[in-house]
Amino acid sequence: MEDTSENKLSGKPSKRVSIALLAHVDAGKTTLSEAMLYVGGSIRKLGRVDKKDAFLDSYGLERERGITIFSKQAILKRGQLEIILLDTPGHVDFSAEMERTLQVLDAAILVISGSDGVQGHTLTLWRLLKRYGVPVFLFINKMDQQGTDKALILHQIKEQLCESCVDFSEPETEGFYENIAVCEEDALNEFLEKGRIEKGHIQKLIGERKLFPCFFGSALKLLGVEEMLDGLEEYLPEKEYPAKFGARVFKITRDAQGNRLTHMKITGGCLKVRETLTGSRLFTGRSGKEGEWEEKVNQIRVYSGEKFEAVSEAAAGMICAVTGLTETFAGQGLGMTKEIIYPELSPVLCYSILLPEGYDAPQVLPKLRQLEEEEPQLHIVWDEKSQEIKVQIMGQVQIEIYQNLIKERFGINVEFGAGSIVYKETIADTVEGVGHFEPLRHYAEVHLLLEPGEAGSGLVIEADCREDILDLNWQRLVLTHLEEKEHLGVLVGAPITDMKITLKSGRAHQKHTEGGDFRQATYRALRQGLMQAESVLLEPYYDFSLEVPDHMVGRAMTDLDKMHGTFTLHHSAEGTTVLKGMAPMALLREYQQEVLAYTKGEGQLYCTMKGYYPCHNTEEVLEKAGYDPLHDMDNPSASVFCAHGAGFIVEWDQVPAYMHLESCLPEKKDSMKEEQYWERYLGEEKSGVSGRERFGRTHEGGEEEKWIGQDEINEILSRTSHANRKENKAGIRTGWKRTRGKSDLTERQPQIRTYQPVQKKEEYLLVDGYNVIFAWEELRGVAEQNLDGARGKLLDLLCNYQAVRKCSLIAVFDAYRLAGHPTEVLDYHNIHVVYTKEAETADQYIEKFAHENGRKYDVTVATSDGLEQIIITGQGCRLISSRELKEEMERASSQILEDFKNAHPGRKNSLKDMLSSETRKEMNAFKESFEENS
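This report concerns the structure included in the present document. (Residues numbered from 1 in each chain as written. Predicted model: local features only at pLDDT ≥ 70, side-chain atom pairs only at ≥ 80, totals over all residues. Heavy atoms only, no water.)

### Notes on the sheet that holds strand E4 (residues 107-113)
No. 1: Sheet architecture is open: seven strands sit in the order E2-E3-E1-E4-E5-E7-E6, paired in mixed fashion. The two strands at the open ends of the sheet, each matched to only one other strand, are strand E2 (72-78) and strand E6 (165-167). When strand polarity is set aside, the average angle formed by the axes of neighbouring strands in this sheet is 30°.
No. 2: As judged from the three bridges shared by strand E5 (residues 136-141) and strand E7 (residues 212-216), these two strands associate in the parallel manner. What sits directly across from Ile140, in E7, is Phe216.
No. 3: Along the sheet, helix H6 (residues 150-160) contacts E4, E5, E6 and E7; its crossing angle with E6, the most-contacted strand, is approximately 160°. (Pairing = 2+ DSSP bridges. Helix = DSSP H or I, 4+ residues; strand = E, 2+ residues; numbered from the N terminus. Axes fitted to C-alpha atoms, helices over the stretch in contact; angles between N-to-C directions. Contact = heavy atoms within 4.5 Å.)

### Examining the side chain of Thr513
No. 1: Looking at the secondary structure, you find Thr513 in the loop between strand E26 (499-508) and helix H14 (515-532).
No. 2: Judged by its relative accessible area of 12%, Thr513 is buried.
No. 3: Within polar-contact distance, the side chain of Thr513 engages the backbone oxygen of Tyr443 at 2.7 Å.
No. 4: A polar contact is formed between the side chain of Thr513 and the backbone nitrogen of His509, at a distance of 2.5 Å.
No. 5: Apart from residues no more than four positions distant in its own chain, Thr513 is found in contact with Tyr443, Trp474, Ala508 and Phe518. (Buried < 20%, exposed > 50% of the residue type's maximum accessible area, 1.4 Å probe, protein only. Polar contact = N/O pair within 3.5 Å; in protein donor to acceptor, adjacent residues only side chain to side chain.)

### Quick notes on the packing of aromatic side chains
No. 1: Evaluation of the coordinates by the stated rule reveals 17 aromatic pairs.
No. 2: Among the aromatic residues, those joined into a cluster by ring pairs are Phe137, Phe168, Phe176, Tyr177, Phe215 and Tyr235.
No. 3: Taking NZ or CZ as reference, Arg209 lies 5.7 Å from the ring centre of Trp126, over its face.
No. 4: The ring of Phe308 has Arg301 lying over it, and the distance from NZ or CZ to the ring centre is 4.4 Å. (Phe/Tyr/Trp six-rings, centres within 6.5 Å; stacked < 30°, edge-to-face > 60°. Lys NZ or Arg CZ within 6 Å of the ring centre and 35° of its normal.)

### Brief notes about the packing of helix H25 (residues 777-785) against helix H26 (residues 787-805)
No. 1: Where H25 meets H26, the axes come as close as 6 Å, and the angle between the chain directions of the two elements is 145°. In this structure, H25 uses Leu779, Val782, Ala783 and Gln785 to contact H26, whose residues at the interface are Leu787, Gly789, Ala790, Lys793 and Leu794.
No. 2: Here the residues of the contact of H25 with H26 are counted per class, giving six nonpolar, two polar and one charged. (Nonpolar A, V, L, I, M, F, W, Y, C, P; charged D, E, K, R; others polar.)

### Description of helix H12 (residues 397-410)
Each full turn of the α-helix corresponds to 3.6 residues, which orients residues three or four apart in the same direction.
No. 1: The terminal C-alpha atoms of H12 lie 20 Å apart, and with 14 residues this matches the ideal 20 Å at 1.5 Å per residue to within 8%.
No. 2: Inspection of H12 places Val397, Gln398, Ile399, Ile401, Tyr402, Leu405, Ile406 and Phe410 among the buried residues, and these make up the whole buried set.
No. 3: In the segment just after H12, Gly411 is the residue with positive phi, at about 70°. (Expected span 1.5 Å × (residues − 1).)

### Comments concerning the pattern of salt bridges
No. 1: Tallied over the full model, the rule gives 33 salt bridges.
No. 2: In this structure, Glu208 engages Lys210 in a salt bridge whose closest nitrogen and oxygen atoms are separated by 3.4 Å.
No. 3: Judged by its relative accessible area of 36%, Glu208 falls in the partly exposed class.
No. 4: Of the charged contacts in the structure, one is a salt bridge between Lys610 and Asp543, with a shortest N-O distance of 3.7 Å. Of this pair, Lys610 sits in strand E30 (residues 604-614) while Asp543 is found in strand E27 (residues 534-549), placing the two residues 67 residues apart along the sequence.
No. 5: Taking relative accessible area as the criterion, Asp543 reaches 26% and is therefore assigned partly exposed.
No. 6: Counted as one network, the salt bridges with shared partners bring together Glu184, Lys204, Glu208 and Lys210. (Salt bridge = Lys/Arg side-chain N within 4 Å of Asp/Glu carboxyl O.)

### A look at the nonpolar core
No. 1: In terms of nonpolar packing, the biggest core is built from 56 residues, with Leu546 and Leu588 touching the most fellow members.
No. 2: Leaving out residues up to four positions away in the same chain, Leu546 has contacts with Ala556, Leu560, Thr577, Val578, Leu579, Tyr591, Val595, Tyr598, Gln604 and Leu605.
No. 3: By size, the runner-up hydrophobic cluster in this structure holds 54 residues, among which are Leu110, Leu125, Leu154 and Leu161. (Core = buried A, V, L, I, M, F, W, Y, C linked by side-chain atoms within 4.5 Å.)

### Some points on the sheet that holds strand E14 (residues 307-311)
No. 1: Pairing within the open sheet is antiparallel, and its six strands lie in the order E14-E13-E16-E9-E8-E17. The open sheet has two edge strands with one neighbour each: E14 and strand E17 (333-335). Pairwise comparison of adjacent strand axes, ignoring direction, gives a mean angle of 40° for this sheet.
No. 2: Across the sheet, helix H11 (residues 361-374) is in contact with strand E8 (246-254) and strand E9 (260-268); its angle to E8 comes to roughly 140°.

### Looking at helix H17 (residues 591-598)
No. 1: For H17, every residue scored as buried is listed here: Tyr591, Gln592, Val595 and Tyr598. On an axial view of H17, the arc spanned by its buried residues comes to 140°, and they lie on one face. Seen from the buried face of H17, the exposed residues on the opposite side, beyond 90 degrees, are Gln593 and Ala597.
No. 2: Where the residues of H17 are buried, they touch E27, helix H15 (553-562), helix H16 (585-588) and E30.
No. 3: One or two steps after H17, the chain reaches Lys600, where phi turns positive at roughly 55°. (Arc of directions from axis to C-beta.)

### Things to note about the pairing of strand E29 (residues 576-584)
In the case of a regular strand, side chains alternate between the two sheet surfaces.
No. 1: Most of E29 sits inside the fold, with seven of its nine residues counted as buried.
No. 2: The pairing of E27 with E29 spans nine bridges and is classified as antiparallel. Across the sheet, the residue bridging to Asp543 is Met582, located in E29.

### With respect to the pairing of E7
No. 1: A large share of E7 lies buried, amounting to five of its five residues.
No. 2: Because side chains alternate across E7, one face comprises the buried residues Phe212, Cys214 and Phe216, and the other comprises Pro213 and Phe215, equally buried.

So this is what it looks like as structure tokens:
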């Protein structure tokens, strides 16, 4: 336990601030934290990263790899100033851990390497600090290294970050005040009047992010550290907190004993031990009022490194860890701080988790949920289709970390499968989505307006509906259903982003509407709108900085062009050229090794996440995914209407003809014709062809309407009644966070796709009759005695197989030796039989059929003729050998028998089954005797 009295920790100093150290990896951030703690008197020994004894790098893997993985805090006192110092990860793969810390900061120290200057991740950090409105001090480190130039690096910082970055190493000089004066008009007027600027005014400029103090030095040699601490004490503005309690949760961890710790900053009032806190669940959860929880604080801890002091209360401005809370989550606000903060950075890679022998997914999944709770950007996904656990992460460095964590925490040696890209989808036009759910004794209709959002805006969800149309409580319910789960697009089933979704209209029934009805109607409305929209597939892009020798620039430019990159050239000293730009992550993530190879170790590639941009190979991704939204039963686009006392399904493209409310779009309110409607939403040419014809559906007078019964209604409701529950019994989470998907869009023209169902081709199976007969041992034996008998037996078998396969089956036999014989086509029960004409073999007939129809239809040929197989494959047909055909027919026969037994349990399936065991024995003996005599 730290030897610090409770009063000192809980008592309010004259100024208390929370400051985080942020940097690009290897800029010297952890070394600076050691120097600050040492100079401030918090530690007696100066640790070093290379000696693996840094005070805040307490996790074994951190010391082993020399990088910060988890954010940690320490207490530093400087006169009347108490600094809660937070050290954050610098590696881009752990950016989510860093971003969560930004939510609780009063200021940040951005560390920049004097030898490397402003790097890619530095720009990302600067953007995030701007988003969270955090005042920034800059410390330019490693200025003791040869070749560093203070004036040059300050010019680069002003050019790439902000002109308001001012050198604070020589305060209270005329040049010092003059540089500050140009940051604001009022400051300029004060400088012109007084020849100086008051300290209070400088503090105000820093707090409003109009001024960014810069300090220069070397953390390793303790140069400039004292001056920076003095600057923090002198110029950092003091924050005022309200008297009413409030807190911001930024992190969830567990201690060595397994106790759940909620790390929070007190943003108002104070928090006392045994005090009861209430909050909202991110997802509908355990027992009690839906979405609400109420729990007591058991202990309040103030950490400094690995040690902590238990205190009786935490005052405003303090950062503490609380035990006893089980429902909190990172980004949550408590008390008067209601707003939930969602992170901007999101994972871009997806890996399968391979479990060792003896472990089942339902057994391991709840354990992994604990890690997900502590690391929200570690997205654990249960893939129902493949029955696999998948994890979405920021980068490959995280794999080793999580493997170690899982082994240490749970004793399980997991492996990670092949990685894939996490895609997202957005839309390029405005559409209206309509969802209707009206089985018997249920009713809800929802109209949503879907509009393309600003790049990087995520999902913006709001209501623009009058209360006289839909009561406010129903409107809130619709918005809740839009926020409670991750909604998927219709191109590859990827999460949607960069859209504005507005509730425009809706209707409830006074007697029959239940909460689950609006969930169904809302999901179907969103999906129906996406089916109409022009969708755009997005993929993650990297910002890169590529340094290569001058003579290798051509090779680098060629490579980047091939990778669909955009870049600019920047020449640096000593024969090195820097290329800066952006490129798809899928193509760039393996390029580092190639750079090292062709530059013989002289080149270097730096990458940071830029955002989501239109996919460079949309067609290839769509083909590989093979996603059909109409067969995604978890995300239905059809609506359910009611007629004659029963519910029936109306497909998504027919819903406008059945909906009960007017369209919310001006074009539809003017009684649009159907052709105009489809032209507006689906891009049809004015050819008189309706959207219904385009999609091959003729609801009226065409195919029979699909009616649904009460059992199916109950199944639909039960499947989604807990769609926003935090986790089910197996720990499979289905909820999501608003604005989890962030993206940017490039200026280049994206590939836009409107959903069109895959037209299934008519299926043909051609069987080379005699080839099959002589390839099957049992038929070959019959053919040696009687060829007609073998042919008849094959045709009977093919008839049975066609009943299962449901295709046009053609058996082709040679008749080329018969003089004057024309091509003869016969129908044999449910198949077709072809006898070739004079001088034409079965091979020639099949090859001709394949040439004429192989591209138009789905043609499969069954033969074992090697030459014929080569020719058939070249015509785009599929191929199976005679042996494979036999195996397939045997499986089909077994399936028929199995289905019959399941449908008629206990029923005798043949005359033989009805005989007694003695009679069957006699029959078998007679059969054996007959075969011996034959």
